[in-house]
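Report on the structure
Each chain is listed here by its residues.
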Amino acid sequence: MMRNNLMKMYHAMGICKYSTSPQNMGSGSNVRNDRNTGDRSSATVRPDPCDNGGTEPNAANADYEAWLVAHPSALRSFDQMMNMAKGKIIVVFLDYDGTLSPIVNDPEAAFMSDTMRSAVHQVARYFPTAIISGRSRDKVYEFVQLTDVYYAGSHGMDIMAPPRQQKSYDARYQTRTLDKKGNEVIIFQPAQEFLPEIMEIFNELEDVTKAIEGVTIEDNRFCVSVHFRRAKAEDYGMVEDKVMSVLSKHSNFHFTRGRKVIEIRPSIKWNKGHAVKYLLETLGFADSDDVLPLYIGDDRTDEDAFKVIQNRGQGFPIIVSSKPKDTKASYSLHDPSEVLSFLLRLTRWRRNSSSSKPAT
């Protein structure tokens, strides 16, 4: 009876038309588990709630499928999204951890697969593309190893952008330099004056947590990350107490939470949403009605970017999540393997279409 009622609910919501089976996911479902690259993003096949031959759906699956009604799959909605993009310029923004790479216990082993790297490279051929991460900008580049995308590290506090200096931003924080290919770029770092204190915080955190097994302190240049995914669950409270004891001595900083990570950041009015605005401005797209920003991310820090796109009134904020969560995103993808499928499909659509304006 319970199963029959759920089936009726799914049909009423139109959920039964979609499944992330290998047949529906296309080439993205063939992602391999590559021990050499550390890739663990093999495709996750979710049960089709309308398959009467399967097991009875549990409450978690039902909650997720109901959540998909408000945040439909970007794969299932792809044609509708691209219809809205006709005649527009799509600008692609991507988070890194949990989006282009799987979440792993060791933050130093969050490698993206060669397949994902190739997909991002292909996307960048057709669309202006930037990666916005909480990691340091240099570390993200080490993982991605692509020279045809822009990078923003430290949650947008360290941006490599096109060489169009913005008068609306403090010139002290904008430096002209050359990128890996010898092209001129602008490095924008609005938290420069905090660097000495950030190093103090890093050293203090290393000292107070060194006796707690499984804790890693990561220097992300303009923020410090305390990873405790490998720590014992009974030590989580101790980790937080130690972090708060350090933070209490630095009034110009605050903390945010992520997936088994606490991050200490300068208390300035700057986040991933501001980074999206800055990059759109330097690309020359700030006030253009012909531009559709597309942002894919999995973390609560990505919500600031989703909000910026929502406020523009056009664009595609896409959250990566395998469970329901509060979000300002309009669309969703289940995991990095679906991100891969979406990027590959976006590239094919652009290659086969003349209705979207090319990257400039």
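My aim in this report is to walk through the structure given alongside it, one point at a time.

Here is what the cut-offs are and how they apply
Counting starts from 1 at the beginning of each chain's written sequence and moves along it residue by residue. Only residues with pLDDT of at least 70 are given local features in this predicted model, and only at 80 or more are side-chain atom pairs given and counted; all residues enter the totals for whole chains, interfaces and linings. Here the side-chain values reflect all heavy atoms present in the structure, with hydrogen atoms and water set aside. Labels follow the DSSP assignment, with helices taken as runs of H or I lasting at least four residues and strands as runs of E lasting at least two, numbered in each case from the N terminus. Exposure classes here rest on a 1.4 Å probe applied to the protein chains alone. A residue is buried below 20% of its type maximum, exposed above 50%, and partly exposed in between. Note on contacts: a residue pair qualifies if any of its non-hydrogen atoms lie within 4.5 Å across the two residues. For two strands to be treated as a pair, DSSP must find at least two bridges joining them. Interaxial angles span 0 to 180 degrees and are taken between N-to-C directions of axes, which are lines fitted to C-alpha atoms, for helices over the stretch in contact. Crossing handedness follows the turn of the near helix against the far one: under a right angle anticlockwise gives a left-handed crossing, and clockwise gives a right-handed one. The residue classification treats Ala, Val, Leu, Ile, Met, Phe, Trp, Tyr, Cys and Pro as nonpolar and Asp, Glu, Lys and Arg as charged. All others, Gly included, are polar. Definition of a polar contact: a pair of N or O atoms within 3.5 Å, with one able to donate and the other able to accept a hydrogen when the atoms are protein atoms, and with sequence-neighbouring residues admitted only if both atoms are side-chain atoms. A pair of Phe, Tyr and Trp rings is counted when the ring centres sit within 6.5 Å of each other, with Trp represented by its six-membered ring. The angle between the planes then sorts it: under 30 degrees is stacked, over 60 is edge-to-face, the rest tilted.

1. Here's the deal with the overall build of the chain
Looking only at helices and strands, one finds 11 helices and 13 strands in the chain. Residue burial in the chain is summarised as follows: out of 360 residues, 54% are buried. Intrachain contacts of the chain at a sequence separation of at least 6 include 64% that bridge at least 24 residues.

2. Quick word on the sheet that holds strand β10 (residues 261-266)
Taken in spatial order, the 4 strands line up as β7-β8-β10-β9 in an open sheet, and their pairing is antiparallel. The open sheet has two free edges, formed respectively by β7 (216-219) and β9 (253-258), since each of these has just one partner strand. In this sheet, neighbouring strand axes are inclined to one another by 20° on average, regardless of whether the strands run parallel or antiparallel. Note: β9 against β10, 6 bridges, orientation antiparallel. Each residue of the ladder has a partner; that of T256, found in β10, is E263.

3. What about the pairing of strand β6 (residues 184-188)?
Most of β6 is tucked away: 4 of the 5 residues are buried. Where strand β5 (residues 174-178) meets β6, 5 bridges bridge the pair, whose relative direction is antiparallel. Each bridged residue has a counterpart across the sheet, and for T177 the counterpart in β6 is V185.

4. Let's talk about the packing of helix α7 (residues 195-209) against helix α8 (residues 236-247)
The relative placement of two packed helices comes down to the angle between their axes together with the axis-to-axis distance. The geometry of α7 relative to α8 is characterised by a closest axis approach of 10 Å and an angle of 145° between their N-to-C directions. Judged by the sense of rotation from one axis to the other, the crossing of α7 with α8 is right-handed. On α8, the residues that touch I201, E204, L205, V208 and T209 of α7 are K242, V243 and V246. Residues that form the contact of α7 with α8 fall into these classes: 5 nonpolar, 1 polar and 2 charged.

5. Digging into the side chain of S113
Residue placement: S113 occurs in the loop between β1 (89-94) and α5 (114-126). By relative accessible area, which is 4% here, S113 ends up buried. A polar contact is formed between the side chain of S113 and the backbone nitrogen of M116, at a distance of 2.9 Å.

6. Describing unusual backbone geometry
Even without being glycine, H155 reaches a positive phi, approximately 55°. Looking at the element boundaries, H155 is found in the loop between β3 (150-153) and β4 (158-161). Take H155: its relative accessible area is 3%, and that puts it in the buried class.

7. Focus on the packing of aromatic side chains
Evaluated as defined, the whole model comprises 15 aromatic pairs. Seen from their ring centres, Y141 and Y151 are 5.5 Å apart, and the 80° between their planes marks the pair as edge-to-face. Placement of the pair is Y141 in helix α6 (residues 137-144) and Y151 in strand β3, with a sequence separation of 10 residues. Look at Y151 and you get buried, because its relative accessible area is 4%. Ring plane angle 10° and centroid distance 4.4 Å describe the contact between F188 and Y278, whose orientation is recorded as stacked. One end of the pair, F188, is in strand β6; the other, Y278, is in helix α9 (residues 272-282), and 90 residues separate them in sequence. Here F188 matches Y278 in class, with each residue buried. An aromatic cluster is present here, built from Y169, F188, W270 and Y278 joined pairwise through their rings.

8. Things to note about the environment of H155
For H155 and R137, which are 18 residues apart along the polypeptide, the C-alpha to C-alpha distance reads 9.4 Å. Apart from residues no more than four positions distant in its own chain, H155 is found in contact with S133, G134, C223, E263, R265, W270, N271, K272 and T301.

9. Points about helix α10 (residues 303-312)
Those residues of α10 lying buried are E303, A305, F306, V308 and I309. Looking at the packing, one finds that the buried side of α10 touches α9, β11 (291-297) and β12 (316-320). Directly beyond the C-terminal end of α10, a positive phi value near 85° is found at G313.

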